[in-house]
Amino acid sequence: MAAPGSSLLFLHQVAACPPKTKVRFLGCVKTYEPSSATLTLVHPPSPSLVDVNISLVVATLPFGALRRGEWVNVIGYTTGARVDAVMLWSAAGVQLGAYEKTLREKLEVDAE
């Protein structure tokens, strides 16, 4: 379920959102740049990437949460070039196939 006021989306849909849209999505850590607190996420097999500024939440993250290959949930606001995260937590227990199927079905119902 999406957080109140957020749009639950696939990662590849985030770039199409207007600035200041509150979004929630799942992504896999590709890179983390500590000097800018920028996390780059991907959702294979899509080549789409989303840069996430995690400066507001980085101090609350457990060790290892930002390792390459880790799956995370993100809630944040689009800024045009990136997402500014207000929440980020592990998605380690998510069954990816079931998640993708359920989200596709939800988006189809929302489009009707």
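As shown above, the structure is provided for reference.
Residues numbered from 1 in each chain as written. Predicted model: local features only at pLDDT ≥ 70, side-chain atom pairs only at ≥ 80, totals over all residues. Heavy atoms only, no water.

Details of the overall build of the protein chain
Secondary structure assignment for the protein chain yields two helices and six strands. Relative to its length of 112 residues, the protein chain is compact, with a C-alpha radius of gyration of 13 Å against a globular reference of 13 Å. The principal-axis extent of the C-alpha atoms belonging to the protein chain is close to 45 × 30 × 25 Å. Scored against the burial criterion, the 112 residues of the protein chain give a buried share of 41%. Partitioning the intrachain contacts of the protein chain with sequence separation of at least 6 by distance along the chain shows that 52% fall at a separation of at least 24. Surface summary for the protein chain: the accessible area is close to 6500 Å², and the carbon and sulfur share equals 59%. (Helix = DSSP H or I, 4+ residues; strand = E, 2+ residues; numbered from the N terminus. Rg over C-alpha atoms; globule rule 2.2 N^0.38 Å. Buried < 20%, exposed > 50% of the residue type's maximum accessible area, 1.4 Å probe, protein only. Contact = heavy atoms within 4.5 Å. Areas by Shrake-Rupley, 256 points an atom, 1.4 Å probe, with all protein chains shown as cover.)

What about the nonpolar core?
Judged by nonpolar contacts, the single largest core of 22 residues is most densely connected at Phe25, Leu41, Val52, Ile54 and Val74. Those elements giving two or more residues to this core turn out to be α1 (11-14), β2 (22-33), β3 (38-42), β4 (49-53), β5 (71-78) and β6 (83-90). Those residues within four positions of phenylalanine 25 in sequence are excluded, and the remaining contacts are Leu9, Leu11, Val14, Leu41, Val50, Val52, Val72, Asn73, Val74, Val83 and Tyr99. In this structure, Leu26, Ala91, Tyr99 and Leu103 belong to the second largest nonpolar core, which totals seven residues. (Core = buried A, V, L, I, M, F, W, Y, C linked by side-chain atoms within 4.5 Å.)

Observations concerning the pattern of salt bridges
Summed over the entire model, instances satisfying the criterion amount to four salt bridges. Here arginine 67 ties to glutamate 70 by a salt bridge, and the two come within 3.2 Å at their closest N and O atoms. Overall, arginine 67 belongs to the partly exposed group, its relative accessible area being 48%. In this structure, the salt-bridge partner of lysine 101 is glutamate 105, at a minimum N-O distance of 2.9 Å. Of the two residues, lysine 101 and glutamate 105 are both situated in helix α2 (residues 96-111); the distance of four residues between them amounts to about one turn of the helix. We classify lysine 101 as partly exposed; its relative accessible area is 48%. Taking relative accessible area as the criterion, glutamate 105 reaches 37% and is therefore assigned partly exposed. (Salt bridge = Lys/Arg side-chain N within 4 Å of Asp/Glu carboxyl O.)

Looking at unusual backbone geometry
Of note, the bond from proline 44 into proline 45 is cis; its omega dihedral lies within 30 degrees of zero at 10 degrees. A positive phi is found at lysine 20, a non-glycine position, where the angle reads about 75 degrees. Taking the relative accessible area as the measure of exposure, lysine 20 reaches 72% and is therefore exposed. With a phi close to 55 degrees, alanine 37 is a non-glycine residue in the positive phi region. As for its position among the elements, alanine 37 is in the loop between β2 and β3.

A look at the side chain of asparagine 73
Following the sequence through the fold, asparagine 73 ends up in strand β5. The class for asparagine 73 is buried, based on a relative accessible area of 6%. Those residues in contact with asparagine 73 that lie beyond four places of it in its chain are Arg24, Phe25, Leu26, Met87, Leu88, Trp89, Ser90 and Ala91.

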